[in-house]
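# Geometric and topological summary
Each chain, written out:
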Amino acid sequence: MRALSYQGPFRVRVEDKPDPRLEHPQDVILKVTRAAICGSDLHLLHGLVPDTRVGHTFGHEFTGEVEELGAEVTQLRKGDRVVVPFNISCGSCFYCQRHLTALCENSNPESDIACGVYGYSHTTGGYDGAQAQYVRVPFADVGPMKIPEGMEDEEALFLGDILPTGYMGAEMGEIKGGETVVVFGAGPVGLFAMRSAWLMGAGRVVAVDCVQYRLDFAARYAKVETVNFREVEDIVLYLKELFDGRGPDVCIDAVGMEAEGSKTRRVLGLGLKLEAGAPTVLTWCIDVVRKGGNVSIVGVYGPPWNVLPIGTAMNKGLTLRMNQCNVRRYMPHLLEHIRDGRIDAKGIITHRFPLEQAPEAYHLFANKQDDCVKCVLTPH
Amino acid sequence: MQTHPIPGAAADLDLASRPGVPMERAPQPLPGARVPIRHQRSDVRVFKHVGRASLPPVFGTAQPPHGLSGLLRKVAYAYPDHLARHWMGLLLADRVDVWEHRVRGVLPWALPAVGGLTLARWGWRRFATR
């Protein structure tokens with residue numbers, strides 16, 4: 001089959017690879033119909049995720065058709081169209097039983113900090129991902145959700161990662177009605193966090209980014225106010241002033257470890273690797289949110305550590321909540337939001353590429369060219 | 001304050017409608033879960049972190065470790081993943097992996113080219129300078 005192959009930092013190509021095979025009786029093999037490029041794939045591309053091996057295939061946001069079934073799979077049939085959570089979860093361990101499927105302890109031998117994830121290095125289990133023509137899907141009766149008849153794959157595609165992640169980001173902000181919310185990052189996860197904040201009854205939602213076309217998109221798509229932090233002298237003081245001098249009730253970090261905003265932090269973290277990336281936005285969240293407020297972290301950070309103002313957080317009495325998204329528990333509820341028109345998931349797709357053009361797609365997405373918001377590959 | 005910013009605003013105002021509330025549900029297996037889980041068999045080398053007694057029942061087998069980078073990964077996995085040296089060791093192995101692949105990529109033509117040039121230089125010195 002043809003598949004994306006990591007060749008080193010900033011380099012991917014598409015090459016022939018052996019087809020995946022059934023390795024466990026609960027596996028299925030999917031023919032991939034859509035595979036999105038996630039913002040977190042860029043951390044892999046940039047060589048920031050430990051144990052990313054040459055030849056690895058990325059891709060954890062995908063839909064597909066069941067092509068081959070393991071002996072113990074009973075809920076799926078050949079030809080079923082499914083959307084798959086990015087977490088590989090057994091459904092029966094301590095964590096899965098509590099619906100914390102992102103913490104499954106039966107799918108990742110290499111680390112205790114995360115469960116198995118498709119195409120996200122050996123730090124998350126060493127599974128090749130779905131930016132390919134075919135992919136192996138373990139625990140197939142637990143994770144994948146059938147796409148309803150009459151629904152396009154692209155309408156369901158983001159149920160596997162970024163839509164539940166954005167929703168969970170807003171949910172962890174503990175919005176009870178009327179709160180003021182700042183979402184840092186106007187990328188796809190941030191967009192869904194903004195819409196989700198409205199769904200939960202937020203009173204005011206402001207998006208912060210430095211890429212003006214993305215802020216313009218957020219204003220249209222999510223009906224939010226926008227702030228370009230490159231146009232203000234001090235974003236922390238500016239945002240506090242915007243919210244009565246006190247700061248917002250909730251700050252959501254939808255950016256993660258490659259944040260812009262501080263050249264020093266980028267040099268120390270991304271360049272010299274003295275910490276794991278640049279947590280500039282997380283630092284802003286802690287500084288900006290009002291005392292007693294909530295900081296919700298869905299932007300991806302990695303090991304081993306980061307320098308953060310924990311003293312500020314402690315003295316301000318903040319609640320910090322964070323997690324990789326436990327996708328499976330969100331899928332049915334968010335599917336209803338899509339079907340009833342409350343969330344236009346497909347509306348954030350701006351670019352589509354055949355699999356053979358995946359390197360160009362990565363380049364465009366990583367460099368935010370051509371007003372790109374979300375790129376989707378079409379292997380079939 | 002915007003009262004109707006998007007269609008369906010406040011549709012999930014009720015905490016009971018939110019899938020992630022409460023964070024932990026009363027434990028029971030998820031639909032489709034099968035227990036016990038049979039253990040995957042593989043002859044591919046897979047590292048496990050120090051805190052695990054054995055491999056989990058399901059694991060990935062992509063890109064088995066090899067060469068010098070594989071040796072460095074083996075050393076890194078001897079440290080628990082709460083220590084920075086585990087992660088920095090893996091990052092070093094990643095870089096070595098890239099160079100191993102680049103060297104392997106040029107060997108098919110580089111070795112014969114170097115050999116040919118060496119032979120030509122020897123031949124020139126031996127015969128042309130007499």
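Residues numbered from 1 in each chain as written. Chains lettered and ligands numbered in written order. Predicted model: local features only at pLDDT ≥ 70, side-chain atom pairs only at ≥ 80, totals over all residues.

### A closer look at the overall build of chain A
Within chain A, the secondary structure is distributed over 12 helices and 17 strands. At 20 Å, chain A has a C-alpha radius of gyration in line with the 21 Å of a compact globule built from 380 residues. Judged by the C-alpha coordinates and their principal axes, chain A covers about 60 × 45 × 40 Å. Buried residues in chain A amount to 60% of all 380 residues. (Helix = DSSP H or I, 4+ residues; strand = E, 2+ residues; numbered from the N terminus. Rg over C-alpha atoms; globule rule 2.2 N^0.38 Å. Buried ≥ 20, exposed ≤ 12 C-beta atoms within 10 Å, placed from the backbone.)

### Points about the overall build of chain B
The number of helices and strands found in chain B is 2 helices and 0 strands. Against the compact-globule benchmark of 14 Å for 130 residues, chain B has a radius of gyration of 29 Å, which places it well outside the compact range. Buried residues in chain B amount to 24% of all 130 residues.

### Regarding the sheet that holds strand E10 (residues 180-184) of chain A
All names here are of chain A. The parallel open sheet is built from 6 strands, whose spatial order is E12-E11-E10-E13-E14-E15. Where the open sheet ends on each side, the last strands, each with one partner, are strand E12 (225-228) and strand E15 (319-322). With direction set aside, neighbouring strand axes in the sheet form an average angle of 20°. In this structure, E10 lies alongside strand E13 (residues 250-253), joined through 4 bridges in parallel fashion. Residue pairing across strands places Val183 opposite Ile252, the latter belonging to E13. (Pairing = 2+ DSSP bridges. Axes fitted to C-alpha atoms, helices over the stretch in contact; angles between N-to-C directions.)

### Here's the deal with the environment of Glu154 of chain A
Mapping Glu154 of chain A onto the fold places it in helix H3 (residues 153-156). Sequence-distant contacts of Glu154 of chain A, that is, excluding residues within four places in its chain, are made with Arg34, Lys346, Ile349 and Val376 of chain A. (Contact = placed C-beta atoms within 7 Å.)

### Quick notes on the interface of chain B and chain A
The partner chain A presents 61 residues to the 54 residues of chain B that form the contact. Classifying every residue of the side of chain B that touches chain A by side-chain character gives 29 nonpolar, 13 polar and 12 charged. (Nonpolar A, V, L, I, M, F, W, Y, C, P; charged D, E, K, R; others polar.)

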